[in-house]
Amino acid sequence: MAAPAFNNALVRWIDHRLPVFSFMHHELHEYPTPKNLSYWWNFGSLAGIVLVLMILTGVFLAMHYTPHTAFAFESVERIMRDVNYGWLVRYMHMNGGSAFFIIIYIHIFRGLYYGSYKAPRELLWILGVVILLLMMATAFMGYVLPWGQMSFWGATVITNLFSAIPLIGDSVVTWLWGGFSVDNPTLNRFFALHYLLPFAIVGAVVLHLVALHRFGSSNPLGIDVKGPQDSIPFHPYYTAKDAFGLGIFLILFAGVVFFAPNLFGEPDNYIPANPLVTPPHIVPEWYFLPYYAILRAIPDKLLGVIAMFGSILVLFIVPWLDTARVRSAKFRPTFRKFFWVLVVDCFVLGYVGANPPEGWFVIVGQVATFYYFFHFLILLPVLGLIERPLPLPQSISAPVLKPAEGKA
Amino acid sequence: MAEAATATKGHAEGETRRDFIYLAAMGMSAVGAAAVAWPFISFMNPSADVLALSTTEVDLKPVLEGMAITVTWRGKPVFVRRRTKAEVDTAAAVKLTDLPDPETDAARVKKPEWLVLVGVCTHLGCVPLGQKTADPRGDYGGWFCPCHGSHYDTSGRIRKGPAPNNLAVPPYAFLDDTTIRIG
Ligand code: HEM
Ligand code: FES
């Protein structure tokens, strides 16, 4: 598309040498977006905004935080009590982490429902899974920084997962710790990496967007845009819609930050870390509970660890596991039912992960773990082959225009 | 240019030489990359001061029969338990075939009365309960790990639960009858 004619002479002068304005015009204004996107398409831009919020609050926290075992806990308490608005910045960071995961999980399930991962968007999807992995590493290391009991024991249990690797496992764990237990060297490197990884996420997000803009957004009908009548410019239509969604999000977020800031937290993390006493019931942050349930569902240490990592890695190959030709679950009545079973299954896994591995929790955890893998490895390929999809509409405009034509 | 040259020449010999130089250069740069990576990987391993702090001396005099103390060695808890006669006998009587990680009690102690163990569950690293009198000691009278339910016996051997191995015995020596040095 030709470079737009800008009215402002300075803008024209700059754009001729550094075409950032053309770029923005092209990617925001001209960028054709399907006109039927629902609110499920709000979560991508929302995630991007929360990432900015996390980096902003994080950099400010780092100005008063001390990454040393003797001072970390107190420095966070100092931020909470003595630093001006420290409580606000920390509560935004703490709950921003939870908000980030809520948004990303909705964003991922949106993709699973509408088949957004299908050709030609496989790499877009894979980059998304990479972002999820980076987020998990970042959040895990961030949670260690306040150096409370859950920080310390969460770090101990999770780093020990690597000791399950045959032969070199123990050396790997010593290497991760920089010592013989989770200690000051561990806290230091976790802080360094916690500062670094969010910027790696920014990089992955940029690639994610480059891949997105190649073919544009998919849409609730899952059919391709057939022409200009099917699309509208991103700006101002979707910028306005995204801004509205952001407003709703901020109301909810402020509600949590101001009225229930420890809603997602674990009280034990307000006890300073004690390497000699394990709390009776260790739980990870809520967003890791389903994986924790999968880890514990399998009685063997190595296999448990493999299953846990496998539960995320399987997402990488979803574009090839799903054999259906139709993207959207809207036209796949059977798949649609199983999709909701998967959603319930993930909540069950989360619930089991939050409880001690005793009694019927063990059985439920094992059944739910089995179903999780069954859904991806068996159901997706088989259902795609045998399910008969409903007829697809002619185009994005067709279902909207037809009734109107009928009336006329 | 180079491609055109080989294409027109199409000489098998020339191509192999070029391929060889190409592969050798790639190989050398891989070696170079590994040489650069090595210091960085090593950087993250325990430093000299961390390694130097690796011995702890323990005075055993105040520990009476049936009591246990926890000391710190390399940032980890070490359990020292003065076992009762009954505990020693139970530990010695267990058949090796009943053990997931077979080891005799005799191989795990220097003096049967004193059991010295790294107090870190071999599953995922929690500290098992059983040092205090009020603690649960599991089904085998030793230690119980609350994290995922591993039971250890009076020799610190794994008997039930997800942990794969016995509680480790750290390197230690009796300096005299009532002092040990761990590490
Ligand atoms: C992907 C973005 C990020 C996520 C998901 C994330 C997550 C977290 C989490 C879960 C905590 C623990 C909060 C608590 O329980 O107290 C934390 C703490 C912390 N984070 Fe981040 N973070 C992110 C980005 C950053 C960045 C860019 C910095 C910049 C240095 C940063 C600096 C800190 C500091 C200093 C703490 C310790 C203070 C505290 O615990 O409140 N974070 N982070
Ligand atoms: S850490 Fe002890 S049972 Fe898992």
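Residues numbered from 1 in each chain as written. Chains lettered and ligands numbered in written order. Predicted model: local features only at pLDDT ≥ 70, side-chain atom pairs only at ≥ 80, totals over all residues. Heavy atoms only, no water.

Engineer: Explanation requested: the packing of helix H11 (residues 289–297) of chain A against helix H15 (residues 360–386) of chain A in the structure shown.
Structural biologist: Angle between the axes and distance between the axes: these two values describe a pair of packed helices. Residues and elements named next belong to chain A. Their axes nearest at 9 Å, the elements H11 and H15 cross at an angle of 110°. Accordingly, the angle class assigned to the pair H11 and H15 is roughly perpendicular. For the pair formed by H11 and H15, the contact residues are Ala293, Ile294 and Ala297 on the first element and Gly365, Gln366, Thr369, Tyr372 and Phe373 on the second. (Axes fitted to C-alpha atoms, helices over the stretch in contact; angles between N-to-C directions. Helix = DSSP H or I, 4+ residues; strand = E, 2+ residues; numbered from the N terminus. Parallel < 35°, antiparallel > 145°, perpendicular 65-115°, else oblique. Contact = heavy atoms within 4.5 Å.)

Engineer: What should I look at first to understand the coordination of the iron atom of ligand 1 in this one?
Structural biologist: Geometrically, a metal with four donors at the corners of a regular tetrahedron has ideal angles of 109.5 degrees, and one with six donors at the corners of a regular octahedron has ideal angles of 90 or 180 degrees. Residues and elements named next belong to chain A. The iron atom of ligand 1 binds to the protein through His93 (NE2) and His194 (NE2), with metal-donor distances spanning 1.9 Å. Classification of the site at the iron atom of ligand 1 rests on its six donor atoms, whose angles at the metal span 87 to 179°, yielding the label octahedral. In this pair, His93 sits in helix H5 (residues 86–114) while His194 sits in helix H9 (residues 184–215), placing the two residues 101 residues apart along the sequence. Both residues of the pair, His93 and His194, belong to the buried class. (Donors = N, O, S within 2.8 Å, 3.2 Å for Na, K, Ca; no water. Tetrahedral: all angles 85-135°; square planar, octahedral: opposite > 155°, others 65-115°. Buried < 20%, exposed > 50% of the residue type's maximum accessible area, 1.4 Å probe, protein only.)

Engineer: Any chance you could explain the site of ligand 1 here in plain terms?
Structural biologist: Residues and elements named next belong to chain A. Lining the immediate environment of ligand 1, one finds 24 residues, of which Gly58, Arg90, His93, His194 and Tyr195 sit closest. The side chain of His194 places a nitrogen or oxygen atom 2.7 Å from a nitrogen atom of ligand 1. Within the residue set of the shell around ligand 1, elements represented by two or more residues are helix H3 (43–62), H5, helix H6 (122–144) and H9. Among the elements that take part in the shell around ligand 1, H3 stands out by supplying seven residues, more than any other. Class assignment for the residues of the shell around ligand 1 results in 18 nonpolar, five polar and one charged. (Near = heavy atom within 4 Å. Polar contact = N/O pair within 3.5 Å; in protein donor to acceptor, adjacent residues only side chain to side chain. Nonpolar A, V, L, I, M, F, W, Y, C, P; charged D, E, K, R; others polar.)

Engineer: Before we go on, may I ask you to explain the nonpolar core in this structure?
Structural biologist: In summary, soluble globular proteins display a tendency toward joint burial of nonpolar side chains. With 114 residues, the main nonpolar core has A:Leu112, A:Leu132, A:Tyr372 and A:Phe376 as its most contacted residues. In contact with A:Tyr372, other than residues within four places in its own chain, are A:Ile294, A:Ser311, A:Val314, A:Leu315, A:Leu342, A:Asp345, A:Cys346 and A:Leu349. Grouped together as the second largest cluster of nonpolar side chains are 14 residues, B:Trp114, B:Tyr172, B:Phe174 and B:Ile180 included. (Core = buried A, V, L, I, M, F, W, Y, C linked by side-chain atoms within 4.5 Å.)

Engineer: Sorry, what's going on with a nonpolar patch on the surface here?
Structural biologist: All names here are of chain A. The grouping of Ile317, Trp320, Leu377, Ile378, Val382, Leu385 and Ile386 at the surface amounts to a nonpolar patch, some 730 Å² of accessible area in total. The greatest single-element share of the nonpolar patch, amounting to five residues, is contributed by H15. You can call Val382 partly exposed: its relative accessible area is 41%. (Patch = residues over 30% accessible without salt bridge, like charges linked within 9 Å, V, L, I, M, F, W, Y side chains within 5 Å. Areas by Shrake-Rupley, 256 points an atom, 1.4 Å probe, with all protein chains shown as cover. Salt bridge = Lys/Arg side-chain N within 4 Å of Asp/Glu carboxyl O.)

Engineer: I keep staring at the side chain of A:Asn160 and nothing clicks. Help me out?
Structural biologist: Looking at the element boundaries, A:Asn160 is found in helix H7 (residues 149–160). Those residues in contact with A:Asn160 that sit more than four places away from it in its chain are A:Val173, A:Trp177, A:Lys301, B:Leu124 and B:Gly125.

Engineer: Sorry if this is basic, but what is going on with the interface of chain B and chain A here?
Structural biologist: At the junction of the two partners, chain B supplies 22 residues and chain A supplies 25 residues. Contact between chain B and chain A buries roughly 2,100 Å² in total, counting both sides, with carbon and sulfur atoms accounting for 66%. It is B:Met44, B:Leu124 and B:His148 that lose the most area in chain B upon contact with chain A, and together they represent 30% of the buried surface on that side. Our count for the chain B to chain A interface comes out at zero salt bridges. Here chain B is connected to chain A by nine residue pairs in polar contact (both at pLDDT 80 or more). Taken together, the elements giving at least two residues each to the side of chain B that touches chain A come down to helix H3 (48–52) and strand S3 (76–82) of chain B. (Buried area = accessible area lost by both parts, 1.4 Å probe.)

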